[in-house]
Structure formats: structure tokens, C-alpha cells
Amino acid sequence: MLLNPVFFGWSLLAAIGCAGAIGVGVYLAYWKHSSGGAVKPVSLSFHFTRKCNLECAFCFHTEKTSHIATEEEMKRGLRLLKEAGMRKINFAGGEPFLYPKRLAMLCRFCKEGLGLESVSIITNGTKVTKEWIEQYGRWVDVMGVSCDSFNEETNKIIGRGTGENVEQLFRIRDWCRQLGIKFKLNTVVCIHNWEENMADIVRQLDPFRWKVFQVLYVEGENDAEEKDARLDKRKRNARKLLISGEQFQTFCDKHQHLECFVPEPNSLMASSYILLDEYLCFLDKGEGVEKQSRSILEVGVQEALSEVRWDQEAFKERGGLYEWTKDVGEMEGGCGSGDTKMKALLDW
């Protein structure tokens, strides 16, 4: 049977076009691979100190050293990160408010000096003052406060007992609102609080985000034997606090109706964060023993990042991108306002 010449001609052109498209695709994939495919550390947490004034039993970033980098080292490292694509930074510890002047310097430098989209802080709240927020809050977009229970006896068992946890949460919330700082809650769910219903008070606090983590076991951080943990307050034994996926889900089921609720099981949390330690080294708290890269001051951001694992898919799945700048549009609603969530994730 003879082929229709017109059909044959179009088929030939289509085949050539398809082959060309495939070839271009292969070339682009090869180019991306051969050019290094630089990873952008769009959002990271800088644990510039390990020192803390509380003794949370599950802490996964323990006081193994007392080192704090110099101001010049910190600024140099932060510039390198900005040049590599950092858009948001979170200052953590330890407890960052044990060094209020250093923390203020870092926040100001990142907002004014580097022009970052977002500067956030995660704190246990005990050292936060109205004066600090009034003086330095202009350089802060998000204030996250850790709260694992609204029951003081439970907080004491966990190691967070202060006698006024709830009162301080409301104070910090009010101080933040006066300056338009977004107020966030962080909760670690463990064997002592997985049955608690925190919905009513969370709704009253009305955070724009409530991050809820399944307690994480990290070899080299919170894996001490119980006798060693009792003898040395810097060591932690998280084994006795671990919960199953089913227990974590039970907690989630009680709270998932809250608009601000953002759950993170171990599967999403472990390697989805870019963590920078007090030596400006990246940390990988995923599977096995905690891994530490060389310092970005020594080998640069890309080389150091290649020495740890950052799960970018898990980062996106856990909502790592969100409306994180306090002055972008109107403040979105949290758990109690009934407003809609952010309209879209940021491009990156």
C-alpha cells in the first residue's frame, strides 16, 4: 500500500520535531547537571548558641559546646548565605534571648544589611521582654514561642516549667501584635502530652501558624543513657519520650480543625530543615548519627551543603514556604480569626 505523501511528510516533520524536543530536553537536563545545579538555601535556622536556661528532656540541639562565633564571622557567613539564595532566616538555640544584644544585632543586619524577606526567632519565651520587642521588633517578622502543654505539671515533667507559661504566651502575643510581628507557636508532642487537647487556648492565642512536631530522636544529641542524663544536665535521653505514629496522629486528629495547625511527623521533619550551628557548619539530623559539614567560612555554602542531606521535597511538603514577611498585605488569620490562609506559596 502506498503512503499518502502529505501524511508521510507531516509524520516525518512530527518525528523530527519530537526528536528535537527530546534532544533539547536531554541537553537542558545535562546542562543543569554539568553546571552544578546550585542548591539555594532559601530558608534556614541558625542555632548560634547551644546555651539554654531550661532543661527540655527531648532537646535535639543540646549544650555540647559553649562556643559563639564572633560578630564578624557571623556577618561574613550570613553574607555568603544571602549570596547563595537565602531569603529567610530563623534564629534559634539553645535560647537566643540569653544574648539579647547579639540577637538584636543579627536581626538588624539581616533586615537592613542583607535585605532578607523574613527574619524569625524561635524562643522558649522566658527571656522575652516588652522592652526588647519595642526596641528591636522592627527587624523581626515572625516570633515563634515553644509551648508543649498548658498544664504546668506536664511542663515540669518535660523540663519547661516556669509557673507562668500561659500568661507569658499571651503577653508575647500582645507585644507582637502591637508591632505587626507574626506570632507563631511550636509544640513537640511526646509521651507526656500526646493525649492533651490544646485547642481552646491555642484558638484564644490565635497564632498565624502552630507547628506541631513529633518528638525526634537524634543520635549524638539526645541519645544519652538515663544515668548519664541524670549526672550531666547537658545530656538528654529522648528514648523515654518517644511516641508512635498512631499516638502522634491521635494528637493531630484533635487539632486538625484549627486553621493554623501544621503537623510535622518525623518523616517530614528529619532532613527537611537546613540547620546551621554555632561554628557555621550545616547539620543533618536525619537518619543515623548527626552529621556536621565543614564550616561555610572554610569551604563555602555549596560545598558545605553537599556534605549534608537537605530533603527539598519534604521541605515543600511540610509547608516550608509561606507568607513569612510581616508587612506583605494584611496579616492573615490564624486559629481563631476565620480568615482565609495565604493565597499561594512563594516562588523560589
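Residues numbered from 1 in each chain as written. Predicted model: local features only at pLDDT ≥ 70, side-chain atom pairs only at ≥ 80, totals over all residues. Heavy atoms only, no water.

Q: What exactly am I supposed to notice about helix 3 (residues 100-113) here?
A: Each turn of an α-helix holds 3.6 residues, which means side chains three or four residues apart point in the same direction. Over its 14 residues, helix 3 extends 19 Å from the first C-alpha to the last, a length consistent with the 20 Å expected when each residue adds 1.5 Å. On its buried side, helix 3 packs onto helix 2 (71-83), strand 2 (88-92), strand 3 (118-123) and helix 4 (130-136). Phi turns positive one or two residues past the end of helix 3, at Gly115, with a value near 65°. (Helix = DSSP H or I, 4+ residues; strand = E, 2+ residues; numbered from the N terminus. Expected span 1.5 Å × (residues − 1). Contact = heavy atoms within 4.5 Å.)

Q: I tried to follow the pattern of salt bridges on my own but got confused; where do I start?
A: Any two side chains of opposite charge can pair, given that their charged atoms come close. Here the structure, examined in full by the defined rule, presents 19 salt bridges. Arg108 is the partner of Glu112 in a salt bridge, and the nearest nitrogen-oxygen pair spans 2.9 Å. Residue Glu112 and its partner Arg108 are both found in helix 3; the two are separated by 4 residues, about one turn of the helix. The exposure class of Arg108 is partly exposed, given its relative accessible area of 41%. Among the ionic pairs, Arg171 bridges to Glu164, the shortest N-O distance being 3.3 Å. For Arg171, a relative accessible area of 31% translates into the label partly exposed. Under the relative-accessibility criterion, Glu164 is labelled partly exposed at 40%. (Salt bridge = Lys/Arg side-chain N within 4 Å of Asp/Glu carboxyl O. Buried < 20%, exposed > 50% of the residue type's maximum accessible area, 1.4 Å probe, protein only.)

Q: Looking at this structure, I do not really get the pairing of strand 2. What am I missing?
A: Remember that side chains alternate between the two faces of the sheet whenever the strand is regular. Most of strand 2 is tucked away, with 5 of its 5 residues classed as buried. Bridge count for strand 1 (residues 43-47) against strand 2 is 5 bridges, and the pairing is parallel. By the bridge assignment, Leu44 is partnered in strand 2 with Ile89. Considered for its hand, the β-α-β crossover made up of strand 2, helix 3 and strand 3 is right-handed. (Pairing = 2+ DSSP bridges. Right-handed = clockwise from strand over helix to strand, strands pointing away.)

Q: Is there a simple way to think about the sheet that holds strand 9 (residues 281-284) in this case?
A: Strand pairing in a sheet is mediated by backbone hydrogen bonds. Such pairs are either parallel or antiparallel. Pairing is mixed in the open sheet, where 10 strands are placed in the order 7-6-5-4-3-2-1-8-9-10. Each having just a single partner strand, strand 7 (261-264) and strand 10 (291-295) make up the two edges of the open sheet. As paired elements, strand 3 and strand 4 (residues 142-146) share 4 bridges and run parallel to each other. Counterpart to Thr123 in the pairing with strand 4 is Val145. Against the sheet, helix 9 (residues 245-255) makes contact with strand 5 (182-189), strand 6 (209-214) and strand 7, and its axis sits at roughly 160° relative to strand 6, the strand it touches most. (Axes fitted to C-alpha atoms, helices over the stretch in contact; angles between N-to-C directions.)

Q: Help me understand the packing of aromatic side chains in this model?
A: By convention here, two paired aromatic rings are described through the distance between centres and the angle between planes. Scanning the entire structure with this criterion turns up 11 aromatic pairs. Taking 6.1 Å as the distance between ring centres and 65° as the angle between the ring planes, the aromatic pair formed by Trp210 and Phe251 counts as edge-to-face. Note that Trp210 is positioned in strand 6 and Phe251 in helix 9, a separation of 41 residues in sequence. Of the two residues, Trp210 and Phe251, both sit in the buried class. A ring pair is formed by Trp310 and Phe315, whose centres lie 5.3 Å apart and whose planes are at 65°; its orientation type is edge-to-face. Taken individually, Trp310 and Phe315 each receive the classification buried, so the pair is uniform in this respect. These aromatic residues form a ring-pair network of at least three members: Phe97, Trp132, Tyr136 and Trp139. The ring of Trp139 has Arg138 sitting right over it, with the charged end atom 4.8 Å from the ring centre. Over the aromatic face of Tyr322 sits the side chain of Arg209, whose NZ or CZ is 3.9 Å from the ring centroid. (Phe/Tyr/Trp six-rings, centres within 6.5 Å; stacked < 30°, edge-to-face > 60°. Lys NZ or Arg CZ within 6 Å of the ring centre and 35° of its normal.)

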